[in-house]
Amino acid sequence: MTFTDRTALVTGAGRGIGKAIAESLAAQGVKLICVSKNPASCGGVSDAINAVGGYAVARAVDVADGPAIESAAAELIKEFGKIDILVNNAGITRDGLLARMSEEDWNAVIQTNLTSCFHWTKVIGWPMCRNRWGRIVNISSVSGIMGNAGQANYSAAKAGMIGFSKTVAKEFARRNVTVNVVAPGFIKTDMTADLSDEIPKGVTDFIPMRRFGEAADIANAVQFLASEESAYITGQVFTVDGGMAM
Ligand code: NAP
C-alpha cells in the first residue's frame, strides 16, 4: 500500500482493534496520533511504535466529551499541520434487553460510538477537504447491519455510523476525501473477552468460518481504505466477519 507523508489519528488506539490499526499504519511509515481514554493505554502503544522506529504521539481524550474532542482536534491540526487519515474506532458496549435498558446506558453508547464520529469528522474533515486529500474510516459493527438482541443502543449507534458515513462521503467526494465503514463481526479483544475466552456453544455456529477474527484482520482492511490505492472507493461498508452477515 502507498502512503506518502501521511499522518493518521486513530481513536481507541490503546487496545484491541485500534491498537492493531495504529501499529499497522505506523509500520507503513504513517505518523500516528494515538487517542484513547486512559493515558497509560494510548501512551503504551505510542511508546511501542516509537521503540521500533515509527513515529507516534499519544493523547488521552474522552470521546464522549464533544467540546474536549473539538479542542484536541484543533490543537493537533495546528501541531501537525495536517491530519490525512481519521479512524473513528473508539467504542463501548452497555448491553441489556430493551425493557431493562436505562437511558444512561443508551446515551453513553450513542455518545461514545456515534456522536464522537460527528465531532472528530467535523473538525478534521474540513481541513482534509481544503487539502484535497483525506481518508476517513469508521469502525461500525455487524450489529449495526443485522441487529443483535440485547444491543439496541449499540446497534443504533453502529447503524447511525453507516448513515453518517454515506452522507459525509457524498459531501466530501469532490474534494478527494473518502469516507468508508468497516463492520467487524466477532473479533478477539477485551470487548469480547467473556465470549472468546470460552466461546459459548452456538456462537460460532452463526459464523461460516466457525471462528472469531483477529484485530489484524480489521487492521488489514483499514490499511487498504486509508491508502492511495482505495482512491475511487467511498461510502461503502466492508464487513470483516468470517462471512456472518452475508
Ligand atoms: P476494546 O478492546 O474494548 O478497546 C476499546 C478502545 O476504545 C480502548 O482503547 C478504549 O480506551 C477506547 N475507548 C472507549 N471509550 C472511550 C472514550 N470514552 N474515550 C476515548 N477512548 C475510549 O474494543 P475493540 O474490541 O478493540 O473495539 C474497537 C471498535 O470495534 C469499537 O468501536 C467496537 O464497537 C468495534 N467492534 C468490535 C468488535 C469485536 O468483536 N471486538 C466487533 C464489532 C465492532 P482505553 O484503552 O483508554 O480504555
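Before going into details, it helps to say that this report is about the structure given with it. Model, not experiment: these values are computed from the prediction.

### Re the overall build of the protein
For step 1, the next point in the chain: Secondary structure assignment for the protein yields 8 helices and 7 strands.
For step 2, the next point in the chain: Considering only C-alpha atoms, the protein reaches an extent of 50 × 35 × 35 Å along its principal axes.
For step 3, the next point in the chain: Across the protein, every contact between residues at least 6 apart in sequence was considered, and the portion connecting residues at least 24 apart equals 72%.
For step 4, the next point in the chain: As displayed, the protein offers around 11500 Å² of accessible surface, 53% of which is attributable to carbon and sulfur atoms.
For step 5, the next point in the chain: Positive and negative side-chain charges in the protein, numbering 23 and 24 respectively, have mean positions lying 7 Å apart.

### Here's the deal with the site of the ligand
For step 1, the next point in the chain: Taken together, the neighbourhood of the ligand is formed by 31 residues, with Asn38, Ser41, Asn89, Tyr154 and Thr189 sitting nearest.
For step 2, the next point in the chain: Between the ligand and the protein, one listed contact pairs an oxygen atom with a backbone N or O atom of Ile187 at 2.8 Å.
For step 3, the next point in the chain: Here the ligand, which alone exposes 900 Å², has 93% of that area covered by the protein.
For step 4, the next point in the chain: Looking at the shell around the ligand, the elements with two or more residues in it are helix H1 (16-26) and helix H6 (152-172).
For step 5, the next point in the chain: Taken together, the residues of the shell around the ligand sort by class into 12 nonpolar, 14 polar and 5 charged.

### So, helix H3 (residues 66-80)
For step 1, the next point in the chain: In this model, H3 (15 residues) spans 21 Å end to end at C-alpha, consistent with the 21 Å of a helix rising 1.5 Å per residue.
For step 2, the next point in the chain: Among all positions in H3, only Gly66, Ile69, Ala72, Ala73, Leu76, Ile77 and Phe80 are buried. Seen from one end, H3 has its buried residues packed into an arc of 135°, which puts them on one side. The exposed residues of H3 that point more than 90 degrees off its buried face are Pro67, Glu75 and Lys78.

### Things to note about the pairing of strand S2 (residues 31-36)
For step 1, the next point in the chain: Most of S2 is tucked away: 5 of the 6 residues are buried.
For step 2, the next point in the chain: Alignment of strand S1 (residues 7-11) against S2, held across 5 bridges, turns out to be parallel. Looking at the pairing, Leu9 lines up with Ile33 of S2.
For step 3, the next point in the chain: Handedness of the β-α-β unit built from S1, H1 and S2 comes out right-handed.
For step 4, the next point in the chain: Sheet analysis places S2 next to strand S3 (residues 56-60), joined by 5 bridges and oriented parallel.

### As for the pattern of salt bridges
For step 1, the next point in the chain: Counted under the stated rule, the structure contains 9 salt bridges.
For step 2, the next point in the chain: Between Lys19 and Glu23 there is a salt bridge, with its nearest N and O atoms 3.7 Å apart. Here the residue Lys19 and the residue Glu23 both occupy positions in helix H1, the gap between them amounting to 4 residues, near one helical turn.
For step 3, the next point in the chain: Residue Lys19 is classed as partly exposed on the basis of its relative accessible area, which comes to 32%.
For step 4, the next point in the chain: Judged by relative accessible area, Glu23 falls into the partly exposed class, the value being 31%.
For step 5, the next point in the chain: As a salt-bridge pair, Arg59 and Glu79 come within 2.7 Å of each other at their nearest N and O atoms. Residue Arg59 is located in strand S3, and its partner Glu79 is located in helix H3; the two are separated by 20 residues in the primary sequence.
For step 6, the next point in the chain: Using a relative accessible area of 48% as the deciding quantity, one classes Glu79 as partly exposed.
For step 7, the next point in the chain: Sharing partners across several salt bridges, the network here consists of Asp5, Arg6, Lys82, Asp84 and Glu228.

### Considering a nonpolar patch on the surface
For step 1, the next point in the chain: Among the surface-exposed residues, Ile145, Met146 and Val237 lie close enough to one another that they form a single nonpolar patch of about 240 Å² accessible area.
For step 2, the next point in the chain: For Val237, the location among the structural elements is in strand S7 (residues 237-240).
For step 3, the next point in the chain: The exposure class assigned to Val237 is partly exposed, which follows from its relative accessible area of 31%.

### Section: the nonpolar core
For step 1, the next point in the chain: Counting residues in hydrophobic clusters, the biggest one holds 32 residues, and the most contacted among them are Ile21, Leu25, Leu32, Cys34 and Val182.
For step 2, the next point in the chain: Elements with a minimum of two residues in this core: S1, H1, S2, helix H2 (39-51), strand S4 (85-88), strand S5 (134-139) and helix H8 (215-226).
For step 3, the next point in the chain: Top element by residues in this core is H8. It accounts for 7 residues.
For step 4, the next point in the chain: In terms of nonpolar packing, the next biggest core, distinct from the first, is built from 29 residues, Val61, Cys117, Met128 and Ala169 among them.

Each value, and the rule that gives it
Residues numbered from 1 in each chain as written. Predicted model: local features only at pLDDT ≥ 70, side-chain atom pairs only at ≥ 80, totals over all residues. Heavy atoms only, no water. Helix = DSSP H or I, 4+ residues; strand = E, 2+ residues; numbered from the N terminus. Contact = heavy atoms within 4.5 Å. Areas by Shrake-Rupley, 256 points an atom, 1.4 Å probe, with all protein chains shown as cover. Lys, Arg positive; Asp, Glu negative; His and termini not counted. Charge placed at Lys NZ, Arg CZ, Asp CG, Glu CD. Near = heavy atom within 4 Å. Polar contact = N/O pair within 3.5 Å; in protein donor to acceptor, adjacent residues only side chain to side chain. Nonpolar A, V, L, I, M, F, W, Y, C, P; charged D, E, K, R; others polar. Expected span 1.5 Å × (residues − 1). Buried < 20%, exposed > 50% of the residue type's maximum accessible area, 1.4 Å probe, protein only. Arc of directions from axis to C-beta. Pairing = 2+ DSSP bridges. Right-handed = clockwise from strand over helix to strand, strands pointing away. Salt bridge = Lys/Arg side-chain N within 4 Å of Asp/Glu carboxyl O. Patch = residues over 30% accessible without salt bridge, like charges linked within 9 Å, V, L, I, M, F, W, Y side chains within 5 Å. Core = buried A, V, L, I, M, F, W, Y, C linked by side-chain atoms within 4.5 Å.

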